[in-house]
Amino acid sequence: MKAIALAILGVTALAAMPASAQPANTCFSMREFQTWKAPDAHTIYVKVAVNHFYRLDLASDCAELKMPGVHLVTKSRGSDQVCDALDWDISASTRQFGQPGGTEMKCIVKTMTPMSAAEVAAIPPKFRP
């Protein structure tokens, strides 16, 4: 009985929260992925759709992110929906299509954080996606 009362209380409290304080649905289709920039070897800023931005913090350094001519290789397994860090399967690659050589490094995403307009504005222009 206590569990039911606590569940009802939790749902009531969530409904009473202002819309801006409620958790946002962070899922998007990989087809909406637009562009990215990496200010360092363990952070990637991504732009999704028209004006949604996310910060990806990596589990370890992905040195290839800072190489000239690098691009991200994204893969999806099954659904192309990205809802959290575990849905990302990315590598930083210097390989050019149809060309021999280059390198590719797996980049493990630890956290994916939606960014507010103020947070995006605070990113230095050369690192803003």
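So, how was this worked out
- Residues numbered from 1 in each chain as written.
- Predicted model: local features only at pLDDT ≥ 70, side-chain atom pairs only at ≥ 80, totals over all residues.
- Heavy atoms only, no water.
- Pairing = 2+ DSSP bridges.
- Helix = DSSP H or I, 4+ residues; strand = E, 2+ residues; numbered from the N terminus.
- Axes fitted to C-alpha atoms, helices over the stretch in contact; angles between N-to-C directions.
- Phe/Tyr/Trp six-rings, centres within 6.5 Å; stacked < 30°, edge-to-face > 60°.
- Buried < 20%, exposed > 50% of the residue type's maximum accessible area, 1.4 Å probe, protein only.

Colleague: Explain the sheet that holds strand S7 (residues 90–93) to me, please; I cannot follow it from the model alone.
Modeller: Backbone-to-backbone hydrogen bonds pair the strands of a sheet. The strands run either parallel or antiparallel. Strand order across the open sheet formed by 3 strands is S5-S7-S8, with antiparallel pairing between neighbours. The open sheet has two free edges, formed respectively by strand S5 (71–74) and strand S8 (104–107), since each of these has just one partner strand. Strand after strand, the sheet turns through a mean of 30 degrees between neighbouring axes, direction not considered. In terms of strand pairing, S5 meets S7 through 4 bridges, oriented antiparallel.

Colleague: What am I meant to see in the packing of aromatic side chains here?
Modeller: The description of an aromatic ring pair rests on the distance of the ring centres and on the angle between the ring planes. All chains considered together, the criterion is met by 3 aromatic pairs. Ring centres 6.1 Å apart and planes at 55 degrees place the aromatic pair Phe 28 and Trp 88 in the tilted group. Of this pair, Phe 28 sits in strand S1 (residues 28–29) while Trp 88 sits in the loop between strand S6 (81–82) and S7, and the two are 60 residues apart along the sequence. Judged by its relative accessible area of 6%, Trp 88 is buried. Here the aromatic rings of Phe 33 and Trp 88 are separated by 5.9 Å at their centres, their planes lie at 70 degrees, and the arrangement is edge-to-face.

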